[in-house]
Amino acid sequence: MIPELFKNGKTVFSFEIFPPKKDGSIESIYKTLDGLSDLHPDFISVTYGAGGSAAGASTHEIAGIIKKKYRTRCIAHLTCVNSTKEDIDRAIEEFRQSNVKNILALRGDINPDIEPKKDFPHASDLISYIKSHSSDISVSGACYPEGHVESDSLEEDIENLKIKVDAGAEHLISQLFFDNGAFYSFLDKVRAKGINVPIEAGIMPCVNANQIRRMIALCGASLPEKFTKLIARYGDDAEAMRDAGIAYAIDQIIDLAANGVDGIHLYTMNNPYVARKISESVSSVLNSNTEKV
Ligand code: FAD
């Protein structure tokens with residue numbers, strides 16, 4: 001089970017991928033996984049999309065492939081805001097059939113055009129449901145170092161995070177951030193609240209300025225001057241932006257590891273080139289078994 005990984009002293013290193021879009025092909029996901037698997041992440045997580053995916057490439061199918069073909073641990077994401085209990089039972093049964101026993105339980109974003117279903121208003125409701133009906137499944141949750149956009153304050157969001165952990169989340173993965181200081185301050189606050197499960201830091205390499213601008217608009221991550229200068233200077237030069245974004249992510253990861261974080265979750269954006277460059281630069285640091293500070 002995933003929470004066990006955090007007990008051996010090294011910094012856990014995991015990847016996130018997403019299923020191909022509806023008009024994509026299953027081949028593209030094999031290409032991504034071929035490029036990632038020899039980097040030996042501790043696990044790969046697969047997102048769960050409301051928009052559907054290419055035939056034969058839904059979250060549970062990809063999660064099953066990661067486990068069976070690539071012999072890598074896997075977490076399948078699962079959202080609940082538009083699901084009934086019957087939908088969730090069906091999804092969990094599909095995960096079981098793919099031998100996937102780790103789920104990242106999420107509410108999902110609310111689509112203004114779709115009335116949310118009533119069974120699971122929050123991720124914590126999904127977590128309680130899975131824990132009470134499927135005791136063989138390990139459940140993780142999401143957290144937000146700078147607060148979820150719908151919360152009035154970080155403090156209120158951390159109160160709700162405590163509900164999520166008390167409901168049974170055994171491990172948390174954070175939203176992306178570019179300011180490590182914000183993450184350390186968040187860790188101090190959650191630990192003071194008695195939230196003691198492992199927390200992985202979500203790192204998204206900024207390799208495409210427009211994509212990152214869209215992402216930041218959605219999640220409200222704060223931007224250190226060092227970061228905005230990179231985008232301002234290299235945003236229109238694809239190769240320079242990619243290399244500067246990789247270097248920034250490596251810098252963030254090394255600082256996080258030196259400060260003893262539990263783990264790093266790399267949002268790979270299905271880009272093995274970027275994941276490889278970063279993995280190769282940080283692997284000795286993350287695998288070092290020196291005592292955490
Ligand atoms: P919740 O924990 O329910 O929180 C949502 C809001 O409700 C917050 O403001 C919170 O403070 C508040 N809240 C929480 N619990 C309570 C409670 N019990 N009472 C009152 N208020 C409460 N989206 C996808 O569609 N697919 C994915 O695969 C996906 N993967 C993600 C992976 C990570 C690591 C992260 C950080 C996000 C991911 N998301 C994904 C996005 C996520 O679905 C959205 O951020 C969504 O808006 C919130 O999901 P949540 O699970 O954090 O919700």
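In this report, the structure presented in the accompanying data block is examined. Small disclaimer: the values here were computed from a predicted structure and weren't measured. (Residues numbered from 1 in each chain as written. Predicted model: local features only at pLDDT ≥ 70, side-chain atom pairs only at ≥ 80, totals over all residues. Heavy atoms only, no water.)

The number of helices and strands found in the protein is ten helices and eight strands. Its C-alpha atoms put the protein at 50 × 45 × 45 Å along the principal axes. Within the protein, the proportion of its 293 residues that are buried is 51%. Sequence-distant contacts, at least 24 apart, represent 80% of the contacts inside the protein between residues at least 6 apart. (Helix = DSSP H or I, 4+ residues; strand = E, 2+ residues; numbered from the N terminus. Buried < 20%, exposed > 50% of the residue type's maximum accessible area, 1.4 Å probe, protein only. Contact = heavy atoms within 4.5 Å.)

Another aspect to go through is the site of the ligand. Lining the immediate surroundings of the ligand are 24 residues, of which Tyr48, Arg107, Asp109, Tyr144 and Asp157 lie closest. At a separation of 2.8 Å, an oxygen atom of the ligand approaches a polar backbone atom of arginine 107. (Near = heavy atom within 4 Å. Polar contact = N/O pair within 3.5 Å; in protein donor to acceptor, adjacent residues only side chain to side chain.)

Our focus in this paragraph is the packing of helix H8 (residues 225-234) against helix H9 (residues 238-258). Where H8 contacts H9, the two axes come as close as 9 Å, and the packing angle between them is 170 degrees. When the axis of H8 is compared with that of H9, the two are roughly antiparallel. Between H8 and H9 lies a crossing of right-handed hand. Contact residues: H8 offers Lys226, Phe227, Leu230, Ile231 and Tyr234, while H9 offers Ala240, Met241, Ala244, Tyr248 and Asp251. Here the residues of the contact of H8 with H9 sort into eight nonpolar, no polar and two charged. (Axes fitted to C-alpha atoms, helices over the stretch in contact; angles between N-to-C directions. Parallel < 35°, antiparallel > 145°, perpendicular 65-115°, else oblique. Left-handed = near helix turned anticlockwise from the far one by under 90°. Nonpolar A, V, L, I, M, F, W, Y, C, P; charged D, E, K, R; others polar.)

Turning our attention to H8. For H8, the complete set of buried residues consists of Phe227, Leu230 and Ile231. Taken around the axis of H8, the buried residues stretch over an arc of 95 degrees, which confines them to a single face. Those residues of H8 that are exposed and angled more than 90 degrees off the buried face are Glu225, Lys229, Ala232 and Arg233. In this fold, the buried residues of H8 make contact with helix H7 (209-219) and H9. (Arc of directions from axis to C-beta.)

All right, on to the pairing of strand E6 (residues 171-176) then. Among the six residues of E6, five are classified as buried, and the element is accordingly described as predominantly covered. Of the strand pairs in this sheet, strand E5 (residues 138-143) and E6 are connected by four bridges, and their pairing is parallel. Note on E6: the bridge partner recorded for alanine 142 is isoleucine 173. In this region the chain leaves E5, passes through helix H5 (residues 154-167) and returns to the parallel neighbour E6; the handedness of that crossover is right-handed. Here three bridges tie E6 to strand E7 (residues 199-203), and the two strands are oriented parallel to one another. Looking across to E7, one finds that isoleucine 173 is bridged to glutamate 200. (Pairing = 2+ DSSP bridges. Right-handed = clockwise from strand over helix to strand, strands pointing away.)

Any functional reading would require information that these geometric values do not contain.
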